[in-house]
Amino acid sequence: QVNELVMFLLVKDQKKIPIKRADMLKYVIREHRDAYAEIVDQAGRTLQQVFGLQLVEIDTKRHLYILINNLPRAEGEHLCRGKEKEKMGLLLIILSFIFMKGNSVKDSEFSPKPPRTPLFHAPRSLTPPFPGALWEFLHLLRIHPGRQHRVFGDVRKLVTEEFVQQKYLEVTPIPLTDPPESKYQWGPRAEKETTKMDVLKFVAKLQGKDPTFWASQHAEAAAEA
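Small disclaimer: the values here were computed from a predicted structure and weren't measured.

So, the packing of aromatic side chains: which residues are in play, and what are the values?
If you walk through the whole model with that rule in mind, you get four aromatic pairs. For the pair Phe-97 and Phe-137, a centre-to-centre distance of 4.2 Å together with 0 degrees between the ring planes defines the contact as stacked. Highlighted residues: Phe-97 in helix α4 (residues 82–100) and Phe-137 in helix α6 (residues 134–140), separated in sequence by 40 residues. Like Phe-97, the residue Phe-137 is buried in the burial classification. The positively charged end of Arg-21 is found above the aromatic ring belonging to Tyr-36, 5.7 Å away from the centroid. Residue placement shows Arg-189 over the ring face of Tyr-168; its charged tip is 5.4 Å from the ring centre.

Could you give an account of the nonpolar core, with specific residues and numbers?
Residues Ile-94, Leu-134, Leu-138, Val-159, Phe-163, Leu-169 and Tyr-184 are the most contacted members of the largest nonpolar core, which totals 36 residues. For this core, the element with the highest residue contribution is α4, accounting for eleven residues. Ignoring any residue separated from it by four or fewer positions in sequence, one finds Phe-163 in contact with Lys-87, Met-88, Leu-91, Ile-94, Leu-158, Tyr-168 and Leu-169. Listed in part, the 20 residues of the second largest apolar core include Val-2, Ile-19, Leu-47 and Tyr-65.

Report on the confidence of the model for the chain, specifying residues and quantitative values.
Averaged over all residues, the pLDDT of the chain equals 80, while 83% of them reach at least 70. Per-element confidence in the chain ranges from a low mean pLDDT of 43 for helix α5 (residues 122–125) to a high of 94 for helix α10 (residues 215–224). Taken together, the stretch residues 73–79 has pLDDT below 50 and engages in 13 contacts with residues farther than four places along the chain or on a different chain. Note on residues 109–132: pLDDT is under 50 here. Beyond four places in sequence and across chains, it has 44 contacts.

Could you give an account of the sheet that holds strand β4 (residues 105–106), with specific residues and numbers?
Strand order across the open sheet formed by three strands is β4-β8-β7, with antiparallel pairing between neighbours. Lying at the two open borders of the sheet, with one neighbouring strand each, are β4 and β7 (169–174). Direction of pairing for β7 relative to strand β8 (residues 181–186): antiparallel, over a ladder of six bridges. Following the sheet pairing, Pro-173 is matched in β8 by Ser-182. Each of β7 and β8 touches helix α7 (residues 155–165); the most contacted strand, β7, lies at about 125 degrees to it.

Before we move on, can you summarise unusual backbone geometry with the specific residues and values?
Despite not being glycine, Asn-103 has its phi angle at roughly 75 degrees, a positive value. In this fold, Asn-103 is placed in the loop between α4 and β4. Note on Asn-103: relative accessible area 22%, which makes it partly exposed. Even without being a glycine, Leu-176 presents a positive backbone phi close to 60 degrees. Counting through the fold element by element, Leu-176 comes out in the loop between β7 and β8.

Tell me about the pattern of salt bridges, and please be specific about residues and values.
Inspection of every chain in the model, using the stated rule, returns nine salt bridges. With a closest N to O distance of 3.4 Å, Arg-30 and Glu-4 form a salt bridge. Residue Arg-30 is located in the loop between α2 (21–29) and α3 (36–51), and its partner Glu-4 is located in helix α1 (residues 2–12); the two are separated by 26 residues in the primary sequence. Overall, the relative accessible area of 34% leaves Arg-30 in the partly exposed class. Linked through salt bridges whose partners overlap, the residues forming this network are Lys-196, Glu-220 and Glu-224.

Cut-off values and rules
Counting starts from 1 at the beginning of each chain's written sequence and moves along it residue by residue. For a predicted model such as this one, the threshold for reporting local features is a pLDDT of at least 70, and the threshold for listing and counting side-chain atom pairs is 80 or more; totals across whole chains, interfaces and linings nevertheless cover every residue. The side-chain numbers reported here are obtained from all heavy atoms of the structure, hydrogens and water having been left aside. Here a pair means two rings of Phe, Tyr or Trp (six-membered ring of Trp) with centres within 6.5 Å. Their orientation is stacked below 30 degrees between planes, edge-to-face above 60, and tilted elsewhere. Elements are defined by DSSP. Helices are runs of H or I of four residues or more, strands are runs of E of two residues or more, and each kind is numbered from the N terminus. Whether a residue is buried, partly exposed or exposed follows from its accessible area with a 1.4 Å probe, protein chains only, as a fraction of its type maximum: under 20%, in between, or over 50%, in that order. Placement of a charge over a ring requires the Lys NZ or Arg CZ to be within 6 Å of the ring centre, with the centre-to-atom vector within 35 degrees of the ring normal. Residue types Ala, Val, Leu, Ile, Met, Phe, Trp, Tyr and Cys, when buried and joined through side-chain atoms within 4.5 Å, form a set referred to as a nonpolar core. Contacts were defined at the residue level, with two residues in contact if any of their heavy atoms lie within 4.5 Å. As a per-residue quantity, pLDDT reports the predictor's confidence and falls between 0 and 100. For two strands to pair, DSSP has to find at least two bridges joining them. In this analysis an axis means a line fitted to C-alpha atoms, helices contributing only their contacting stretch, and an angle means the value between N-to-C directions, from 0 to 180 degrees. Any Lys or Arg side-chain nitrogen located within 4 Å of an Asp or Glu carboxyl oxygen qualifies as a salt bridge.

As structure tokens, this is what we get:
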């Protein structure tokens, strides 16, 4: 049962969508429900020792699990390849933007596009003053929600659906807004796979500065370290 559960978790994790305890019981553990905790514990140890992955319960009410590894760190390490590596790079930029903006940014996809400027220099965008909202920021990176991107494909779907389903981002509607707006925050997977200090070091490396240059963000990141 342990090996079967390990393979089940690895397959389900391919899409990075949280795994339900109910599915583990239904499709793998079945009649061995009484040994559920022991089987999951042994499977978790196998995943850690053999694959370097950690099985984490991110929602204790709905019993949702994820397998976590490391997001790209400040040194530029990646544990994924090809387009997935590119996606994780974009995700890290978005997480950095959210953190540097105070841990929450709004969606203003419907706001006017900024005027055309020379090709955007990413590091400068991560230091104040920031664009007003997430999609304005992505516009500056020449990433537009209404256009097909040659690397990321449908960017709006990637950000608002894929990253949300994978629990890297959380999107909450803002009431009484016209047109409708939402706020973006780190999701539980992001909080497990990286830290604010790692993200701040990433920003600092892009800028060629010391992380302490951003005093308030550094204090917040250090408090959580």
